[in-house]
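Read off the chains here:
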Amino acid sequence: MQNLRRSGVWFVASVLVLAASSIGLSRFLETETPTVSLALDPLNVNALIGEITNDLNDTSTAPDLDALLAKAESALRFDLADARLYSLIGEIKYRQGDKVQAYEFFDQARNLSKTEIHALQRSIGRSIETGDLSKAVGEIDILLRRWPDQFPAIAEGLPTILSNPDGYQAVLAAIRAAPPWRAKLLVELGKTPDGLDFANRLLLDLIGSSVPPNSSELSYVISGHIRQKEYEQAYRLFLFSLSDQERKLGGYIFNSTFEPVSSGKPFDWQVGDQSGLEVTFLSSQDAVEGEGGATVRFLNTPVKNTALQQYIELPPGSYKISLAASARNLKLPKELFWSIRCVGPTGEIARLNIPEGTYNRQALSQDFSVGPAGCPMQLLKLETAAIAESWRFRYVGTLIMHKLSIERLSS
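No experiment lies behind these values; they were computed from the predicted model shown.

Caption draft 1: Summary view of the sheet that holds strand β8 (residues 357-370). If you trace the five strands from one edge of the open sheet to the other, you get β2-β3-β10-β5-β8, paired in antiparallel fashion. Edge positions in the sheet fall to β2 (277-282) and β8, since each of these pairs with one other strand and no more. Strand-to-strand, the axes of this sheet are offset by a mean angle of 20°, without reference to chain direction. One ladder, built from six bridges, connects β2 with strand β3 (residues 293-301); its direction is antiparallel.

Here it is as structure tokens:
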């Protein structure tokens, strides 16, 4: 009798161990292979949700909506608090054409979980369709704070929202709170001409607010205008975004004395990613022996392409570019020069070569002109003439550029 009891205990224990193993394995497989996971544990809700979702997303085969609905409703009886099940049932009913009941399930899902992803997406679409744009923006904010990778899912509705005055004000109010998705919004809007107009307007409305746009956000939109060849709008936005302190650095070349305040905007200095040199900016107030400006130190390696650049906007006319520079043991196997190129088919319109050697505050200048057509904006670059990174052509020494300026000549 005692042996039978022991056998019975052993059998029950074995069953429990096997059941626990099946449940554990089911949990392990629920994401990658939900169907196998369900075979091991028919009560695994996560696996069931994954299986139904996969069937709904399968574009190669039309799903059996009635069968999927039966599965989801059966699971709901065992788990009345799972928002995902209500959302799935809502989606199935939506696809069956019963939108009224579908939204009842979406609403119930959101009552249980404010951030249930699919119910949120459907609710955003409904809010846009019914014209409740303020609600739509609030739901977008909730969605993107919780699910930041879902921006593409709501991007299509943005023009409708922003084209409406109430919708625009709702978006502006939302981004004034500096949500984590604000930069992504500006990047996405900058991909199309219409979206770029909205992005530009939003930035202008943010300037002067308690949370003004940062340099990266401004750069996204300015660069977008440049890509769309809207050069005047790009430059106007740059000028409008300048602080009182930055306006003191204005001119045909912004920050011509290379003060260490670079914002990285396209009309400000941008430092190229070069392994063969180091570029540092030093304020004239902090410099030793008046060596303020931009210091370019070459590291005895080949140097190709650009070290420094900024976009400039010169109206048609005659000009002179001038550079005050010092050098220490500067050896240039290929040319080192400042170039001015039209952004467009016209190409290079000026080149100011920098000499080798050691010298102190040498003045260099070059006259040039901007034609009446085909050159609405220019790119100013410090670059080398090296075509290939050959170790026969190694740049050595230090160049200190104290001031680089452009002045207009009288005609």
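Caption draft 2: Representation of the sheet that holds strand β1 (residues 270-271) within the structure. As summarised here, the arrangement of the five strands in space is β1-β4-β9-β6-β7, forming an open sheet in which the pairing is antiparallel. Every other strand in the sheet has two partners, leaving β1 and β7 (348-353) as the edge strands with one partner each. Pairing geometry for β1 and strand β4 (residues 306-312), over two bridges, is antiparallel. Bridge pairing in β4 places Q270 opposite Q309.

Caption draft 3: Here's a closer look at the pattern of salt bridges. As enumerated under the stated definition, the model contains 17 salt bridges in all. Between E407 and K320 there is a salt bridge whose closest N-O contact spans 3.8 Å. Here K320 lies in strand β5 (residues 317-331) and E407 lies in strand β10 (residues 395-408), a separation of 87 residues in the sequence. The class of E407 is partly exposed, set by a relative accessible area of 39%. On the basis of relative accessibility, which here comes to 25%, the residue K320 falls in the partly exposed class. A salt bridge links K381 to E383; the nearest nitrogen and oxygen atoms lie 3.9 Å apart. You can call K381 buried: its relative accessible area is 16%. The class of E383 is buried, set by a relative accessible area of 8%.

Quick notes on the rules
- Residues numbered from 1 in each chain as written.
- Predicted model: local features only at pLDDT ≥ 70, side-chain atom pairs only at ≥ 80, totals over all residues.
- Heavy atoms only, no water.
- Pairing = 2+ DSSP bridges.
- Helix = DSSP H or I, 4+ residues; strand = E, 2+ residues; numbered from the N terminus.
- Axes fitted to C-alpha atoms, helices over the stretch in contact; angles between N-to-C directions.
- Salt bridge = Lys/Arg side-chain N within 4 Å of Asp/Glu carboxyl O.
- Buried < 20%, exposed > 50% of the residue type's maximum accessible area, 1.4 Å probe, protein only.

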